[in-house]
Amino acid sequence: MNAGPRHLEDGRARPLSELAALVSGEVLGEPSTPIVGVSGLEQAKAGQLSFFGNQKYKKQLAASAASAVLVPRDCPPSERGVAFVRVDNPHLAFARIAQEFAPRRVFAAGVAAGAHVHSSASIAGTATVQAGATICAGAHVGARSVIGPGCYVGARARIGDDTVLIANVSVLDDCLVGERCLLHSGVVIGSDGFGFAFDPSIPAHVKIPQTGIARVEDDVEIGANSCVDRATTGETVIGRGTKIDNLVQVGHNCVVGPLSILCAQVGLAGSTELGMGVVLGGQVGVAGHLRIGDLAKVGAQAGVMSEVGDGEIVNGSPQMDAKDYMRAAAVFRRLPELNRTMRDLQRRLDALEQESKKP
Amino acid sequence: MNAGPRHLEDGRARPLSELAALVSGEVLGEPSTPIVGVSGLEQAKAGQLSFFGNQKYKKQLAASAASAVLVPRDCPPSERGVAFVRVDNPHLAFARIAQEFAPRRVFAAGVAAGAHVHSSASIAGTATVQAGATICAGAHVGARSVIGPGCYVGARARIGDDTVLIANVSVLDDCLVGERCLLHSGVVIGSDGFGFAFDPSIPAHVKIPQTGIARVEDDVEIGANSCVDRATTGETVIGRGTKIDNLVQVGHNCVVGPLSILCAQVGLAGSTELGMGVVLGGQVGVAGHLRIGDLAKVGAQAGVMSEVGDGEIVNGSPQMDAKDYMRAAAVFRRLPELNRTMRDLQRRLDALEQESKKP
Amino acid sequence: MNAGPRHLEDGRARPLSELAALVSGEVLGEPSTPIVGVSGLEQAKAGQLSFFGNQKYKKQLAASAASAVLVPRDCPPSERGVAFVRVDNPHLAFARIAQEFAPRRVFAAGVAAGAHVHSSASIAGTATVQAGATICAGAHVGARSVIGPGCYVGARARIGDDTVLIANVSVLDDCLVGERCLLHSGVVIGSDGFGFAFDPSIPAHVKIPQTGIARVEDDVEIGANSCVDRATTGETVIGRGTKIDNLVQVGHNCVVGPLSILCAQVGLAGSTELGMGVVLGGQVGVAGHLRIGDLAKVGAQAGVMSEVGDGEIVNGSPQMDAKDYMRAAAVFRRLPELNRTMRDLQRRLDALEQESKKP
């Protein structure tokens, strides 16, 4: 059970100049300003550092109580005398500095008394297996990894180094999770793919055995209660550095990423391939057996029913170019009016035609 | 392990007059009618009390085997001699009386042998911690609360009095759950918010540490496998008396409720605020950083992409006034016909123009 | 903890003729061809059997390394000399043969040391209860069934023979699961239905006690993290042979199946009835208190707001005939153009009318 303190402000004040140096920032204002933590512009208190990356938050910048703010390179100095730090990418710089202040969760290495570990499992000496976790025969848990309470690591499954399974996570038989991954509570890796063939003579949906695996590459984060099915044969793959939000479904034999972003409640049917750096908005659904190209972006709730090319930005269901979609959606709102106009035109045309038929 | 009987009809017959008094009802019929339980009009058997609150269930009322029925104040007496109880709100009165008959689940106070409780956790003497639950350092469990099997209460997390976590629930480090809450199986409170900044120089999605908490206020119910992310900094809040159905996603820094209703599979992106008494239908998606006003209602599957005012009723994706949406959707169905009509008009107009150009 | 090997190719080569006989197939080629496993056309290696059931995979057939392929009855022999097996339904035949090669997971019968079983629970002698599972008072686990790690079987719940609960599954008080069922990790059976009546005098959403049960009939499979709510009174039913994918929500008092297919992330509101052999695509939402008839099919992401008749094929939200929907969706894409054409017609008509008014 982890017991480390979890406070953004850990008491250790650091001079602004030291933090600015971490992100190659140029300080406008007092370099020795003591910073004790980070926060958003609106929530920030004195002593905290915030960031300003989008002109639409100008008001929040003007009103913020933050003692220092990360700003774009071309930002003029604060009129109120707040210390600014000019950087290339304020959001990214904020992430870096926030990591400096984030609490380190410290876990005692070793297998807790209440954990259930098979004698043939291999657990790194520096790994932590918490009470109530189950590690099956032939499974492996890497160095400094943490298997939280109620987690299940199936037979012959492998968890790489520096990976954390928070609580009640299932990594099923033979599945592979890479290094530096973070699997949130309730994640399921390697549930059976959804494959049946209908036999009318019984009648029954006959199960197609799902004998492949799911493989999660390095640096992947998967949100709470998300599911990655194992492949029918072969592998379902979540590529390196891909980040998946909560309640997402990845069907069997999908290949996702690397570096893709799947927002909450996305669903991918089977055998679909997502390229590098793809972004799927919340609740997007993607049909099976198709490809979404590198760097493509799909708007929230869209339904992808066919191929999406590299770099395309789409929306709607079935999906289309995102700008075209916004235009079509704008007309959709006015359909009743359009319909009335049409009937009016029809009447006027009828009248004109009558007119023109007159001798 | 809970072992109390769970029967709607607990054998203890109660006279109808006694039940009617609980809901300020006026009995039409025999006040001493013995009632042994409650049920819907269609499932009800003799001895049971049901309710009739909507004219569209007239047929079910006429055919019901119930011995007594809660009806609106203006309802005429039964033609079949069934006992009626006139009340202001039959549905609400039914809820009250059903609670009288509902089984009380009785839990033995104390920490079960197979539970894993850190020595620094504070567990009320009247609380129950079931086998397989894990309570971390510095956590608190309030009076009469129940932590079910496989539940995880993180470090310094606090569970208020009279709250029940059914099974395999995760309340993560530092998160707060109020009094009289009910968290169903698989709920996750305090998973990390989904926040990353892209660093093209690596390339990688750099994690923005999620160091805030999630706070669930009093009298909240959260459905199975729903997720409430912790805030980046500050708090994600589920307000007092809000009810959330299964498989719902609440993003980081959202503030929901009080007294709101989120139906199954709703998804809220980050930093969105829901007012008081908001109702979101099933599978609704809401974009981030916007506000849905008090008493607003959003139709099932709608996509809310911008502010919704107090009391507004919206539908569609992007959302619009619900009535306008129904009208637009009705025209959508006829779009092919509209399109044909348009082409027809075009041809007729071409002909007329040709005509008018003739000398 | 299960420790059986999980390899599709188990080393036991079998002659093609023997496998063909299992599916009444006609071998075109060498009947003694040794087969060591099965795979899809693209992933297959020498020694494996694959299937070809859809003309759109002709290229994959031509390029496959499989040593044998199940093909339709009318398929000509391979030009490359690959052994073909003619069958009535290649997909179904593949399922049958894949089952021959699928690993049998072998579980040691008995209750593991770390399991929590109430003294009044009845566990078949041939059943397996794994470490960290909890079986409550009066519950029953049938012959050869497996209750995986972290699973919770509530008071008086019954799990039929030959049923497997993978891990962290909750089957709550009084609920019933049939024979030969497979419940994947995180499934919740019998969470409370979502029923409240609003009392403005408090104000509060007053809970309507959910005192019914959920009943899962024989041969049902339910995907990871899916939820089936218990009935308010009476039963929520998943009918015999129905297959449910991951993250699906079934509301209280629904009656589903038999032999229906619910793809991932489907949501059913309360009291809805699905007939026999219904197919719901991914992310479909269905409103409450309505019926979807036998053999009806609903397209992915559709929203069913009213009755669907037997055998109907629908799509869209609100749903309509699927072909009509595809036509309407095609016009939707061109709405901006339609709108421009309309305005153009309007202008031309204005001009003509002006013209005709001239003396």
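Residues numbered from 1 in each chain as written. Chains lettered and ligands numbered in written order. Predicted model: local features only at pLDDT ≥ 70, side-chain atom pairs only at ≥ 80, totals over all residues.

## Considering the overall build of chain A
Helices and strands together make up the secondary structure of chain A, namely 5 helices and 40 strands. Since a compact globule built from 359 residues should have a radius of gyration of about 21 Å, the 27 Å found for chain A marks it as more spread out than a globular shape. With respect to the principal axes defined by its C-alpha atoms, chain A has extents near 100 × 80 × 30 Å. Within chain A, the fraction of its 359 residues that count as buried is 57%. Of the contacts made within chain A by residues no fewer than 6 positions apart, 22% connect residues no fewer than 24 positions apart. (Helix = DSSP H or I, 4+ residues; strand = E, 2+ residues; numbered from the N terminus. Rg over C-alpha atoms; globule rule 2.2 N^0.38 Å. Buried ≥ 20, exposed ≤ 12 C-beta atoms within 10 Å, placed from the backbone. Contact = placed C-beta atoms within 7 Å.)

## With respect to helix 3 (residues 90–101) of chain B
Taking 1.5 Å as the rise per residue, helix 3 of chain B with 12 residues should run 16 Å; its terminal C-alpha atoms sit 17 Å apart, in good agreement. B:Pro90, B:Leu92, B:Ala93, B:Phe94, B:Ala95, B:Ile97, B:Ala98 and B:Phe101 are the residues of helix 3 of chain B that are buried. (Expected span 1.5 Å × (residues − 1).)

## Structural notes on the packing of helix 5 (residues 335–357) of chain A against helix 5 (residues 335–357) of chain C
Any two packed helices are characterised by how steeply their axes cross, that is the angle between the axes, and by the distance between the axes. Where helix 5 of chain A meets helix 5 of chain C, the axes come as close as 10 Å, and the angle between the chain directions of the two elements is 30°. It follows from the interaxial angle that helix 5 of chain A and helix 5 of chain C lie roughly parallel. For helix 5 of chain A against helix 5 of chain C, the interelement crossing comes out left-handed. Contacts from A:Leu338, A:Thr341, A:Met342, A:Leu345, A:Arg348, A:Leu349, A:Leu352 and A:Glu355 of helix 5 of chain A reach helix 5 of chain C at C:Asn339, C:Met342, C:Leu345, C:Gln346, C:Leu349, C:Leu352, C:Glu353 and C:Ser356. Looking at the contact of helix 5 of chain A with helix 5 of chain C residue by residue, the classes come out as 9 nonpolar, 4 polar and 3 charged. (Axes fitted to C-alpha atoms, helices over the stretch in contact; angles between N-to-C directions. Parallel < 35°, antiparallel > 145°, perpendicular 65-115°, else oblique. Left-handed = near helix turned anticlockwise from the far one by under 90°. Nonpolar A, V, L, I, M, F, W, Y, C, P; charged D, E, K, R; others polar.)

## Examining the interface of chain B and chain A
Taken together, the contact between chain B and chain A spans 60 residues of the former and 59 residues of the latter. Among the elements of the structure, strand 21 (188–191), strand 22 (196–199), strand 23 (204–207), helix 4 (322–333) and helix 5 (335–357) of chain B are those that each provide at least two residues to the side of chain B that touches chain A. For the side of chain B that touches chain A, the element with the highest residue contribution is helix 5 of chain B, accounting for 8 residues. For the side of chain B that touches chain A, the residue count by class is 27 nonpolar, 24 polar and 9 charged.

## Quick word on the relation of the copies chain B and chain A
Related by rotation about an axis and a shift along that axis, the two copies of the chain form a pair. Superposing chain B onto chain A requires a rotation of 120° together with a translation of 0.0 Å along the rotation axis, leaving an RMSD of 0.0 Å. Viewed as a symmetry operation, the transformation between the two copies matches a three-fold axis. Of all interface residues in chain B, a mere 20% are interface residues in chain A too; the two copies therefore contact each other through different surfaces. (Least-squares fit on C-alpha atoms with pLDDT ≥ 70 in both.)

## Section: the sheet that holds strand 40 (residues 320–321) of chain C
Residue and element names in this part refer to chain C. Across the sheet, 12 strands lie side by side as 8-11-14-17-20-25-28-31-34-37-39-40; this open sheet has mixed pairing. A single partner strand is all that each edge strand has here, and the edge strands are strand 8 (110–111) and strand 40. As defined by bridge partners, strand 31 (residues 261–262) adjoins strand 34 (residues 279–280) across 2 bridges and the pair is classed as parallel. Among the inter-strand pairings, Ile 261 is bridged to a residue of strand 34, identified as Val 279. (Pairing = 2+ DSSP bridges.)

## Describing the nonpolar core
Ranked by internal contacts, the top residues of the largest apolar core, which has 228 residues, are A:Ile135, A:Val153, B:Ile135, B:Val153, C:Ile135 and C:Val153. One finds B:Leu28, B:Ile35, B:Ala83 and B:Ala98 within the second-largest nonpolar core, a separate group that totals 31 residues. (Core = buried A, V, L, I, M, F, W, Y, C linked by C-beta atoms within 7 Å.)

## Focus: the sheet that holds strand 7 (residues 83–87) of chain B
With respect to topology, 5 strands assemble into an open sheet ordered 2-7-6-5-4 (chain B), the strand pairing being mixed. The sheet terminates laterally at strand 2 (26–28) and strand 4 (37–38) of chain B, the two strands that pair on one side only.

## A word on the interface of chain C and chain A
Counting from both sides, the interface comprises 59 residues of chain C and, opposite them, 61 residues of chain A. Contributions of two or more residues to the side of chain C that touches chain A are made by helix 3 (90–101), helix 4 (322–333) and helix 5 of chain C. It is helix 5 of chain C that contributes the most residues to the side of chain C that touches chain A, 10 residues altogether. Of the residues contributing to the side of chain C that touches chain A, the split by class is 28 nonpolar, 24 polar and 7 charged.

## Observations concerning helix 5 of chain C
With 23 residues, helix 5 of chain C ought to run about 33 Å at 1.5 Å a step, and its terminal C-alpha atoms sit 33 Å apart, in line with that. Restricting attention to buried positions, one finds in helix 5 of chain C the residues C:Leu335, C:Leu338, C:Leu345 and C:Leu352. Buried residues belonging to helix 5 of chain C abut helix 4 (322–333) and helix 5 of chain A, helix 5 of chain B together with helix 4 of chain C.

## Brief notes about the environment of C:Gly25
All names here are of chain C. Secondary-structure assignment places Gly 25 in the loop between helix 1 (16–22) and strand 2 (26–28). Judged by local crowding, Gly 25 falls into the buried class, with 23 C-beta atoms found within 10 Å. Ignoring sequence-local partners within four residues, the contact set of Gly 25 consists of Ala 20, Leu 70, Val 85, Arg 86, Val 87 and Ala 93.

## Some remarks on the pairing of strand 21 (residues 188–191) of chain C
All names here are of chain C. One ladder, built from 2 bridges, connects strand 18 (residues 170–171) with strand 21; its direction is parallel. Across the sheet, Ser 170 pairs through a bridge with Val 188, a residue of strand 21. Pairing of strand 21 with strand 26 (residues 227–229) involves 3 bridges; the strand directions are parallel. Within the sheet, the bridge partner assigned to Ile 189 lies in strand 26 and is Val 228.

## Focus on the pairing of strand 5 (residues 48–51) of chain B
All names here are of chain B. Going residue by residue along strand 5, you find Gln 48 and Ser 50 tucked away on one face and Leu 49 and Phe 51 tucked away on the opposite face as well. Where strand 4 lies against strand 5, 2 bridges are found, and the strand directions are parallel. In the sheet register, Gly 37 faces strand 5, and the bridge partner there is Gln 48. Pairing of strand 5 with strand 6 (residues 68–72) involves 3 bridges; the strand directions are parallel. Within strand 6, the position partnered with Leu 49 by the bridge is Ala 68.

## Let's talk about unusual backbone geometry
A cis amide bond links A:Ser317 to the next residue, A:Pro318, at an omega of -5°. Note the cis peptide between C:Gly257 and C:Pro258, where omega equals 10°. Within the chain, C:His289 stands out as a residue other than glycine whose phi angle is a positive 55°. By secondary structure assignment, the location of C:His289 is in the loop between strand 35 (285–286) and strand 36 (291–292).

## Thoughts on the confidence of the model for chain A
Residues and elements named next belong to chain A. Predicted confidence across chain A gives a mean pLDDT of 94, with 97% of residues reaching 70 or more. Residue range residues 1–9 is modelled with pLDDT below 50. Its contacts to residues more than four positions away, or to other chains, number 33 contacts. Here the predicted complex scores 0.95 on pTM and 0.94 on ipTM. (pLDDT = per-residue confidence, 0-100.)

## A word on the environment of A:Met342
Along the chain, A:Met342 falls in helix 5. Exposure remark for A:Met342: the 19 C-beta atoms within 10 Å place this residue in the partly exposed category. The spacing of A:Met342 and A:Ser271 is 71 residues in sequence and 45 Å in space, taken between C-alpha atoms. In this view, A:Met342 contacts B:Leu338, B:Thr341, B:Met342 and C:Met342; residues no more than four positions away in its chain are not counted.

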